[in-house]
Amino acid sequence: MTQKQNNSVPDVIARFLKVNGVEYVFALCGGHIMPIWMTLDKYGITIIDVRDERAAVFMAHAYSEFSGKIGVAMVTAGPGVTNAMTGIANASISRANVMIISGTPPVFQENKGALQDVNHVEFVKPLTRYCRTIREATLIPAELDRAIAHCYGHLSEPGPVYLDFPTNVLRDAVPDNLVLSEFFQPFEKTISFPDPSRINQAANHLFDAKRILVITGRGSKGCGQELIKFLDKYHALYLDTGESRGLVPDSHSSVVSSVRGSVMENSDLIVTIGRKLDFQLAFGSPAIFNDTKFIRISDSAHETRDNRKGIVEIVGDPKECLNQLVKCGGKKKNTDTKWMNDSREKHVARASSYKIKMSEAPSGSDGLMHPNRILSSLNKFLPKDNIVIADGGDFLSFARIGLDATKYLDPGSLGCLGIGSPFGVGAYLASPNSFVAVVTGDGSFGFSAMEIDTIVRHKIPILIIVANNGSWAIEVKDQQENHGKVVGTKLQFSNYAKMASAFGLHNERIEDPEDLDQAIENAVHNRPALLDILVTPEAVSADAKSGLAWVPDYQPLATWNEKEINFRKNIGNKY
Ligand SMILES: Cc1ncc(C[n+]2csc(CCOP(=O)(O)OP(=O)(O)O)c2C)c(N)n1
Ligand SMILES: [Mg+2]
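So, how was this worked out
- Residues numbered from 1 in each chain as written.
- Chains lettered and ligands numbered in written order.
- Predicted model: local features only at pLDDT ≥ 70, side-chain atom pairs only at ≥ 80, totals over all residues.
- Helix = DSSP H or I, 4+ residues; strand = E, 2+ residues; numbered from the N terminus.
- Rg over C-alpha atoms; globule rule 2.2 N^0.38 Å.
- Buried ≥ 20, exposed ≤ 12 C-beta atoms within 10 Å, placed from the backbone.
- Contact = placed C-beta atoms within 7 Å.
- Pairing = 2+ DSSP bridges.
- Axes fitted to C-alpha atoms, helices over the stretch in contact; angles between N-to-C directions.
- Domains from an automatic or database assignment.
- Nonpolar A, V, L, I, M, F, W, Y, C, P; charged D, E, K, R; others polar.
- Left-handed = near helix turned anticlockwise from the far one by under 90°.
- Parallel < 35°, antiparallel > 145°, perpendicular 65-115°, else oblique.
- Expected span 1.5 Å × (residues − 1).
- Bend = angle between axes of the 7 residues up to and from the residue.

K.L.:
So what exactly am I meant to see when it comes to the overall build of the protein chain here?
P.N.:
Counting secondary structure elements, the protein chain contains 23 helices and 17 strands. Since a compact globule built from 575 residues should have a radius of gyration of about 25 Å, the 25 Å found for the protein chain is in line with a globular shape. Judged by the C-alpha coordinates and their principal axes, the protein chain covers about 75 × 60 × 50 Å. By the burial criterion, 53% of the 575 residues in the protein chain qualify as buried. A separation of at least 24 residues holds for 74% of the contacts in the protein chain among residues at least 6 apart in sequence.

K.L.:
Would you mind going over the sheet that holds strand 1 (residues 24-27) with me for this structure?
P.N.:
Sheet strands associate in pairs through backbone hydrogen bonding, adopting either a parallel or an antiparallel arrangement. Taken in spatial order, the six strands of this open sheet run 2-1-3-4-6-5, and their pairing is parallel. Each edge of the open sheet carries a strand with a single partner, namely strand 2 (46-49) and strand 5 (130-133). Neighbour to neighbour, the strand axes of the sheet diverge by 20 degrees on average, direction disregarded. Each of strand 3 (71-75) and strand 4 (98-104) touches helix 4 (residues 79-94); the most contacted strand, strand 4, lies at about 165 degrees to it.

K.L.:
Is there a simple way to explain the sheet that holds strand 17 (residues 529-534) in this structure?
P.N.:
If you trace the six strands from one edge of the open sheet to the other, you get 13-12-14-15-17-16, paired in parallel fashion. If you trace the sheet from one side to the other, it starts and ends with strand 13 (407-409) and strand 16 (506-510), each paired once. Adjacent strand axes in the sheet meet at a mean angle of 15 degrees when their direction is disregarded. As defined by bridge partners, strand 12 (residues 386-391) adjoins strand 13 across three bridges and the pair is classed as parallel. By the bridge assignment, Ile 389 is partnered in strand 13 with Leu 409. Running over the sheet, helix 21 (residues 516-525) touches strand 15 (463-468), strand 16 and strand 17 and is turned about 170 degrees from strand 16.

K.L.:
For this particular structure, what's the right way to read the domain arrangement of the protein chain?
P.N.:
How large an interface is tends to be reported as the accessible area lost when its parts come together. Each assigned domain of the protein chain is listed here: domain 1 (9-184), domain 2 (196-345) and domain 3 (361-540). In this structure, domain 1 and domain 3 have C-alpha centres spaced 31 Å apart. Listed by partner, the interface residues are 21 residues for domain 1 and 22 residues for domain 3. Looking at the side of domain 1 that touches domain 3, the elements that each hand over two or more residues are helix 3 (53-67) and helix 4. It is helix 3 that provides the largest number of residues to the side of domain 1 that touches domain 3, a total of ten residues. When grouped by side-chain class, the residues that make up the side of domain 1 that touches domain 3 number twelve nonpolar, six polar and three charged.

K.L.:
Honestly, the packing of helix 14 (residues 371-381) against helix 15 (residues 394-402) in this entry has me stumped. Any pointers?
P.N.:
Packed helices, taken two at a time, are described by their axes: the angle between them and the distance between them. For the pair helix 14 and helix 15, the least separation of the axes is 10 Å and the interaxial angle reads 35 degrees. You can see that helix 14 and helix 15 cross each other, and the crossing is right-handed. Contacts from Pro 371, Asn 372 and Leu 375 of helix 14 reach helix 15 at Phe 395, Phe 398, Ala 399 and Gly 402.

K.L.:
What is the right way to look at the environment of Val 12 in this model?
P.N.:
Along the chain, Val 12 turns up in helix 1 (residues 9-19). The class for Val 12 is buried, based on 23 C-beta atoms found within 10 Å. For Val 12 and Leu 144, which are 132 residues apart along the polypeptide, the C-alpha to C-alpha distance reads 9.7 Å. Residues in contact with Val 12, not counting those within four places in the same chain, are Asn 7, Ile 140, Pro 141, Val 174 and Val 179.

K.L.:
I keep staring at the environment of Phe 423 and nothing clicks. Help me out?
P.N.:
Along the chain, the position of Phe 423 falls in helix 16 (residues 420-430). Taking C-alpha positions, Phe 423 is 5.1 Å from Met 59, a pair spaced 364 residues apart along the chain. Not counting residues within four places of it along the chain, the set of residues in contact with Phe 423 comprises Phe 58, Ala 62, Ile 389 and Leu 409.

K.L.:
Teacher, can you tell me more about the packing of helix 14 against helix 21 here?
P.N.:
Running from N to C, helix 14 and helix 21 cross one another at 50 degrees; their axes reach a closest spacing of 9 Å. It follows from the interaxial angle that helix 14 and helix 21 lie oblique. In terms of crossing hand, the pair formed by helix 14 and helix 21 is right-handed. Here Arg 373, Ile 374, Ser 377, Leu 378, Lys 380 and Phe 381 of helix 14 come into contact with helix 21, specifically with Leu 516, Asp 517, Ile 520, Glu 521 and Val 524. In the contact of helix 14 with helix 21, the residues fall into six nonpolar, one polar and four charged.

K.L.:
Just to check I follow, could you spell out helix 4 for this structure?
P.N.:
The periodicity of an α-helix, 3.6 residues per turn, causes residues three or four places apart in sequence to face the same way. Along its 16 residues, helix 4 runs 23 Å from first to last C-alpha, staying within 8% of the 22 Å computed at 1.5 Å per residue. Along its length, helix 4 shows its largest kink, about 40 degrees, at Met 85. Here helix 4 has its buried residues at Gly 80, Val 81, Ala 84, Thr 86, Gly 87, Ile 88, Asn 90, Ala 91 and Ser 94. Looking at the buried side of helix 4, the elements it contacts are helix 3, strand 3, strand 4 and helix 5 (120-124). Where helix 4 ends, the next residue or the one after it, Arg 95, has phi of about 60 degrees, a positive value.

Right, dumping it as structure tokens:
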């Protein structure tokens, strides 16, 4: 006789997660979620118990990015949810597939001054694609199904979803005949096929264009092979962005990341694939892109019409769109091969001279090493299958450019400092065969520093490198350059190695660049490990030079801002 299925509410929730491939729930305990907490292990789901709810959501976010599955965070009522908000906001802006589960006081105590009672839905809603309190057990299977569909972008833009349950509901059960098996099948993402007439229109523009630039983002993950065929067929140059690093190898002749600015300004047709035209892409402004036309491709309509409309907008699975565009009959008419070759040559020359400069970067007047010395050493130890998580101000800017990351994640457009160690945990659990390195500024490390405890308890073998310049350095530079004094932006050269030692990580504090190689090698073999490396706060990163930190009026970078102002003057606008 088959055993009768337990349909208690926590069982139903746990079974739903299990069916959908959830292996880990990133969580911090509390009475309002305890019934679910105590049930997950029955279904082989491991709780990664953290030290702050914000970190739980960050971990779920990185887990989803590198696994392609949903990342689940579970937080308790009240302060558990308020603490999680930064992570939810970050997942929202990054369009990450995160599900957040919480509890609320029993319905009988609602609005009476109950413990940890605050109306979560009212403040979580604007940052989520679906957000509800489920007060009735019978509704749970359908609500879970609807939430996951939103999370994956089936019913809305992809992004975080939030469900909470009053604790009395968690102690209830779903009647057997309402636990319909259709709700307990793994969610299958729909492959949306593009409109053939739009594919033809796009192909015609692509055959005609002289200087094509392809820019990818979130929605193009997993399309590497199709993308390379597309670049070859249409003679296009290529820029990746942090959202989709690693799709095309640097050795491919289309890659021109070191001449980003000039190719953006000089192309005549830009193809965005699963990428918003956000601040990193100058909002697609004609002040920067001149009279470039856009073709916008994405499985999410939201990524086809933000800021600029395409001459063709194609909503469809990016892999399928690229496949069909590659199959289109016809020939390129006018490629500007000189532009392509010159751009590639400049990129190769710049990239290789930058690598040499990194390895020789001089110390500051304080005698402390340049942060690029760390990156140069670390590159020697990064295996091909690596994931780099970068966090910080100046240090993030150096790392984004200088590290040979195969896969990469950083705070994204929200600029959300503190993701470093938690993203490292999520990345490792999603991809346990990859070498995961977290490179972080000292200020940024501090936000989630307690997660080194989580890392040790759960034996997460990652390498954390703290570039310790005793300051929020990029902000110091803003103050020095634009305000003439330094206020509240200095930290101490605290001993993060000792902190790591207290929690049981392999650790070393390094001051001499000559010690870097050996220390990194030791750390690689003794993970989890933390290297606390003193660097000069005098080093000025590309982001500091570009004015990013001081937030110009129209554009994120000072040079783009100038162009935007000129452009607006020329068209007789207000400015
Ligand atoms: C949560 C959050 N708080 C504040 C900021 C503003 N901010 C951006 S960069 C930066 C300095 C980062 O310092 P650190 O991590 O030490 O890197 P460094 O610039 O020193 O290399 C700050 C405070 C932010 N982006 N996010
Ligand atoms: Mg710093």
